[in-house]
Structures are given as structure tokens and as C-alpha cells.
Amino acid sequence: MSPFHCLVALLMLATAAHAADPQPPKPQVLAAGTWLIPGSFPEDRNPDGNTLVFEGNGGLIVMDTGRHLWHRQAILDFVRARGRPVVAIINSHWHLDHTSGNADLKRLFPQAQLHTSTAVERMITDVWPGSLVRSQALLDSGKVTGGIADDIRGDIATRRNPQALRPDVPVIASGSVTLAGVTLELHLAGNAATEGDVWVYQPATGIAAAGDLITLPVPFLDTACVKGWRSALDELAATPFVTVVPGHGAPMDRAQFTTYKTAFENYTGCAA
């Protein structure tokens, strides 16, 4: 059995061990050569962010890799079905619901280079050592059980092995790249939803992938800087996208995005 099929089998066994876990989400076609693997926010669990897959003549580019085994399974099932290698990974930001699947993808496709900002470095060196201690203490206290305890264990495992979250190709400025024959614009937004967010625009399809610059039903403000976030939404609005995919939630057309952006500005303006 190949390493790929071994990992897929292990993930299927792990998912089966939790009978209440959701089924792996089904890929949705957004345009020719571009798919969405929807994230989810099950009751009493932490979320998975949306995953986008772009296919070029040289292989697949995966943007954001989720948190849970069932989401990871959906990505691996899709990769297997396409019969193409993953040649690049893009992380919109370091939140674990967008990055925890990196390690498995890089284990299967060690040549795949991660494109993301360097914001994760401060988390690795300054924040996660303390949060690991607190997370383990919470588990040891017995105050959390069930799915949330499983989520905490998974997050601990990701943070204890952060190498797969470090960029192979740091995104330090906005610009155009061609990966596997697919041309993408990588836009760096500083001090927005995190210290460094990467959102993507695909000119050939008019699809933008916003990461957590857009989250439904409400903005996730836990690591955010509102001023930078508003500037990033202005830049996104200036892009001639047809469809924008949030970090969480269903794809939006331009009118829906405008409604979200207006509500965000009204809410944060009132708070200020």
C-alpha cells in the first residue's frame, strides 16, 4: 500500500472512531479547475475553515487545510480522485482551523511549498508555549470532555509540531505568482484579521478567496485589528471579482459582499 493510501486509511479509521463526527464535506465546483471544500462549525465543536483547490497543468494548489480529521479526509479524497500531486499550499493566515491539515499534505507531498505570511512566527515563539501549558492544564482538569476535548488535543498536536505552518515561500508583499500553471494574485493584508493575512484573486475565473477577512455569520474579532481589516476590505472591493469565498460561510457575489462590508463598517464605526 502506498504512503498516500496508508494515510487515507488511517484518517478513515480515526474518523470512524468518532461516530458523532460529521461526514467529510463534498467538493463544490466554483469554476473550471477551481473547487470549494466547505468548512463547517458543528455544534459543540470548533470550526473548520473553507478550503479552495486550484488545478493547473502541473498539479493542485490547496488553500487552507482545515482543523478536523473529517475535513482533512475530504481534501485527501479529492486529491486522490483527481490523481494529481499537490504542488503548493497557501494559508490565508495561521489560525488552526485553516492550517492543521498542512502536516499531512506535506507528509504526502514533501515537494509542496507553503506560501503564507510570516505572522505565524510570533505565535510559535511568543504565544504558543504558554497556551500549550494552559491547554494541557485544561484537559488535565477534566472540565472539558467529548468533542471539545478532542479539538483541544488536536490543536495541541498542531502547535507542538509547527514546522508545517512555517512558510517555505514567505508572502512579504502583494504580487502575482504562477503555481502549476495557475496565475494567482496573492495580496498581503497587514494587521487585519491577524498580523498578516493572505487573500487570493484568480483573474482567469474572477474568484477571490478572502480567508477570515470575511466570516459568516459574524466577524471573528479575536486576533483582529479593525483599522487594517477595513483597509483590506477596501482593497478587496477594488478587485474585479465575480465571486468571493469567505474563510467561513458560503460563496458571495459582489452585492452580498457589499452588504457584509457595509455592515462591518457600520458595526466597527459604532464601536469606535
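In the block above lies the structure referred to throughout.
Cut-offs used in this document
Residues numbered from 1 in each chain as written. Predicted model: local features only at pLDDT ≥ 70, side-chain atom pairs only at ≥ 80, totals over all residues. Heavy atoms only, no water. Pairing = 2+ DSSP bridges. Helix = DSSP H or I, 4+ residues; strand = E, 2+ residues; numbered from the N terminus. Contact = heavy atoms within 4.5 Å. Axes fitted to C-alpha atoms, helices over the stretch in contact; angles between N-to-C directions. Patch = residues over 30% accessible without salt bridge, like charges linked within 9 Å, V, L, I, M, F, W, Y side chains within 5 Å. Areas by Shrake-Rupley, 256 points an atom, 1.4 Å probe, with all protein chains shown as cover. Salt bridge = Lys/Arg side-chain N within 4 Å of Asp/Glu carboxyl O. Buried < 20%, exposed > 50% of the residue type's maximum accessible area, 1.4 Å probe, protein only. Phe/Tyr/Trp six-rings, centres within 6.5 Å; stacked < 30°, edge-to-face > 60°. Parallel < 35°, antiparallel > 145°, perpendicular 65-115°, else oblique. Left-handed = near helix turned anticlockwise from the far one by under 90°. Nonpolar A, V, L, I, M, F, W, Y, C, P; charged D, E, K, R; others polar.

## A word on the sheet that holds strand β12 (residues 243–248)
Here's step 1: Within the open sheet, the six strands sit side by side as β8-β9-β10-β11-β12-β13. Their pairing is mixed. The sheet terminates laterally at β8 (175–179) and β13 (252–253), the two strands that pair on one side only.
Here's step 2: Bridge count between strand β10 (residues 196–202) and strand β11 (residues 207–215): three bridges; the pairing is antiparallel. Each bridged residue has a counterpart across the sheet, and for Y201 the counterpart in β11 is A208.
Here's step 3: Sheet contacts for helix α7 (residues 226–237): β9 (182–190), β10, β11 and β12; angle to β11, the most-contacted strand, approximately 160 degrees.

## Some words on the sheet that holds strand β3 (residues 51–56)
Here's step 1: Taken together, seven strands build an open sheet; the order of strands is β1-β2-β3-β4-β5-β6-β7 and the sheet is mixed. Sheet topology places β1 (28–31) and β7 (169–170) at the edges, where each strand pairs with a single neighbour.
Here's step 2: Taken together, the three bridges between strand β5 (residues 86–90) and strand β6 (residues 113–116) define a ladder with parallel strand orientation. Each residue of the ladder has a partner; that of I90, found in β6, is H115.
Here's step 3: Running over the sheet, helix α2 (residues 69–82) touches β2 (34–37), β3, β4 (59–63) and β5 and is turned about 155 degrees from β2.

## Observations regarding a nonpolar patch on the surface
Here's step 1: A contiguous nonpolar patch, built from L221, V226 and Y267 and spanning about 260 Å² of accessible area, is present on the exposed surface.
Here's step 2: Looking at where V226 falls in the secondary structure, it is placed in helix α7.

## So, the pattern of salt bridges
Here's step 1: Overall, the coordinates contain 14 salt bridges when judged by the stated rule.
Here's step 2: Across the pair R82 and E55 runs a salt bridge, and its minimum N-O distance is 2.7 Å. In this pair, R82 is assigned in helix α2 and E55 in strand β3, connecting sequence segments 27 residues apart.
Here's step 3: Put simply, E55 and R84 hold a salt bridge, and the shortest N to O gap is 3.2 Å. Of this pair, E55 sits in strand β3 while R84 is found in the loop between α2 and β5, placing the two residues 29 residues apart along the sequence.
Here's step 4: The class of E55 is buried, set by a relative accessible area of 18%.
Here's step 5: Taken together, the salt bridges that share partners define one network made up of D21, R45 and D151.

## Some points on the packing of aromatic side chains
Here's step 1: Applying the stated rule across the entire model yields four aromatic pairs.
Here's step 2: Relative to W128, the ring of W94 has its centre 6.2 Å away and its plane inclined at 75 degrees; by these criteria the two rings are edge-to-face. Separated by 34 residues along the polypeptide, W94 in the loop between β5 and α3 (96–99) and W128 in helix α5 (residues 120–141) bring together distant segments of the chain. A single burial state applies to W94 and to W128, both of which are buried.
Here's step 3: Between F241 and F257 the ring centres are 5.3 Å apart and the planes differ by 90 degrees, which places this aromatic pair in the edge-to-face class. Pair noted here: F241 is in the loop between α7 and β12 and F257 is in helix α8 (residues 254–271), with a separation of 16 residues, a long-range link. Exposure class is identical for F241 and F257. Each is buried.

## Remarks on the packing of α5 against helix α6 (residues 146–160)
Two quantities define a packed helix pair, namely the angle between the helix axes and the distance between the axes.
Here's step 1: For the pair α5 and α6, interaxial distance at closest approach is 10 Å and the crossing angle is 150 degrees. When the interaxial angle is binned, α5 and α6 end up roughly antiparallel. Crossing handedness for the pair α5 and α6: left-handed. Contact residues: α5 offers W128, S131, L132, S135, Q136, L138 and L139, while α6 offers A149, I152, R153, I156, R159 and R160.
Here's step 2: Grouping the constituent residues of the contact of α5 with α6 by class yields seven nonpolar, three polar and three charged.

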